[in-house]
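# Remarks on the overall topology
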Amino acid sequence: KQLRDTVARYRPPSDMIGNSPVMQDVYAMLSRVTTSDVTVLITGESGTGKELIARAVHDQGPQKAGPLVAFNCAAIPYTMLESELFGHTRGAFTDAKANHKGLFVQANGGTLFLDEIGEMTLATQVKLLRALQERKVRPVGGDREVPFNARVISATSRDLETDVAELRFREDLYYRINVIRIHVPPLRTRGNDVLLIAEHFVRGFAQHAKKELTGIGAAAAEKLLGYPWPGNVRELQNCMERAVALTESECITPLDLPEHIRTFKGRDFVLPLENPAELLAMDEVEKRYILQVLHAVHGSKTQAASALGFDRRTLYRKLKSYGVA
């Protein structure tokens, strides 16, 4: 059992790419959630591959024989969200011409993946919380509750802790969906994983375009590693699709990359001092840098903690000592 656990810790699922330390932590967490069916919350910036993680949780879990029903909560008007999630009966509203099974019932025996759960209205959050607690849903217009048996995985690119503090997300629902949390790191923290993923995309797009490419040239690789990828894996995928389509060489060159990536130059961090002659204690240097990072990510404590290499509790403790939290 120890050997299997150790192997699983360092072996990513077959459809996931990367061996950086931050991804090893993700693989380790994935290997630990496969034996239970508790709710999972996946966090991370947009484009990091949260749905891929959800699919890995489903494929390795006890519900893998059942369906995986994925739904983006931000992709439908809030007036229709309740009907989509819980179902409706015929005649419940103008366009309800037949009974409709909601996503919870459709996912019976499998997994329901709720992407961008932070976009739900507070009214829908109340009904979702009840469904998760009772393991039953009441279709819109219905007079009885329907039981369901599905694992629920949620994902968000929002800072739910801040949303809870500012009363935009229910605290009781937050704890209900956050039994196990998996944070997907941004691409800029994954080192050489950038090249592994880029090569994977190049092979796929080249095969589709019927082009024979040897891969990514050294000069282009240097550009890819030096760019911070604010759009994460989704942006990298778009970049490689463009590069394969435009290249006239045997490998990807800098000229095949978008101009903003080709010409990007990283900026050295300069700590601002009120007095250039001022000498600072290390604690003050750390404080100013942490606050600058927090400002750069628009106050998102989750993103700031990831960029700083802290866990959230450490960041909260430090911010509290600064009188910021």
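Here is a short report on the structure shown in this document. These numbers were taken from a predicted model, which means no experiment stands behind them.

Applying the stated criterion across every chain yields a total of 12 salt bridges. A salt bridge links Arg-181 to Glu-161; its shortest N-O distance comes to 2.7 Å. Within this pair, whereas Arg-181 is found in strand β9 (residues 180-183), its partner Glu-161 is found in helix α7 (residues 160-165), the two being separated by 20 residues in sequence. Each member of the pair Arg-181 and Glu-161 is classed as buried. As a salt-bridge pair, Arg-190 and Asp-193 come within 3.2 Å of each other at their nearest N and O atoms. On the basis of relative accessible area, Arg-190 is assigned to the buried category, the value being 5%. Taken together, the shared-partner salt bridges in this structure form one network comprising Glu-119, Arg-158, Asp-163, Glu-166 and Arg-168.

So, about the pairing of strand β8 (residues 151-156). Two faces belong to every sheet, and in a regular strand the side chains alternate between them. Among the six residues that make up β8, six are buried, leaving the element largely enclosed by the rest of the structure. With four bridges joining them, strand β1 (residues 40-43) and β8 adopt parallel strand pairing. Residue pairing across strands places Leu-41 opposite Ser-154, the latter belonging to β8. As defined by bridge partners, strand β5 (residues 111-115) adjoins β8 across four bridges and the pair is classed as parallel. Opposite Leu-112, over in β8, you have Val-152 as the bridge partner.

Before going further, it helps to spend a moment on the sheet that holds β8. The sheet built from five strands is open, its strands ordered β2-β5-β8-β1-β9 with parallel pairing. In this open sheet, the two edge strands, each paired with only one partner strand, are β2 (68-72) and β9. In this sheet, neighbouring strand axes are inclined to one another by 20° on average, regardless of whether the strands run parallel or antiparallel. Relative to β9, helix α2 (residues 21-33) is tilted by about 155°, and along the sheet it contacts β8 and β9.

Once that is clear, we can look at the nonpolar core. Residues Phe-71, Leu-85, Phe-104, Leu-114, Met-120, Leu-128 and Ile-177 are the most contacted members of the largest nonpolar core, which totals 30 residues. Counting only elements with at least two residues in this core, the list comes to β2, α4 (78-86), α5 (103-106), β5, α6 (122-134), α7 and α8 (171-177). Not counting the four nearest positions on each side in its chain, Leu-128 is found in contact with Phe-86, Phe-104, Leu-114, Ile-117, Met-120 and Leu-173. Counting residues in each nonpolar core, the second largest holds 24 residues, with Leu-187, Phe-205, Leu-236 and Cys-239 among its members.

A word on the pairing of β2. Burial along β2 is one-sided: Val-69 and Phe-71 are buried, while Leu-68, Ala-70 and Asn-72, pointing the other way, are not. Strand direction decides the pairing type here: β2 and β5, joined by five bridges, are parallel. Bridge pairing in β5 links Ala-70 to Phe-113.

What follows concerns the packing of aromatic side chains. Tallied over the full model, the rule gives six aromatic pairs. Taking the centre distance of 5.5 Å and the plane angle of 85° together, the rings of Tyr-227 and Phe-264 count as edge-to-face. On the criterion of sequence distance, the pair formed by Tyr-227 in the loop between α10 (218-226) and α11 (232-246) and Phe-264 in the loop between α12 (259-262) and α13 (282-296) is long-range, its members being 37 residues apart. Of the residues examined, Tyr-227 reaches a relative accessible area of 8% and is grouped as buried. Linked through ring pairs, Phe-86, Phe-104 and Phe-148 together constitute an aromatic cluster.

Reading guide: rules and limits
Residues numbered from 1 in each chain as written. Predicted model: local features only at pLDDT ≥ 70, side-chain atom pairs only at ≥ 80, totals over all residues. Heavy atoms only, no water. Salt bridge = Lys/Arg side-chain N within 4 Å of Asp/Glu carboxyl O. Helix = DSSP H or I, 4+ residues; strand = E, 2+ residues; numbered from the N terminus. Buried < 20%, exposed > 50% of the residue type's maximum accessible area, 1.4 Å probe, protein only. Pairing = 2+ DSSP bridges. Axes fitted to C-alpha atoms, helices over the stretch in contact; angles between N-to-C directions. Contact = heavy atoms within 4.5 Å. Core = buried A, V, L, I, M, F, W, Y, C linked by side-chain atoms within 4.5 Å. Phe/Tyr/Trp six-rings, centres within 6.5 Å; stacked < 30°, edge-to-face > 60°.

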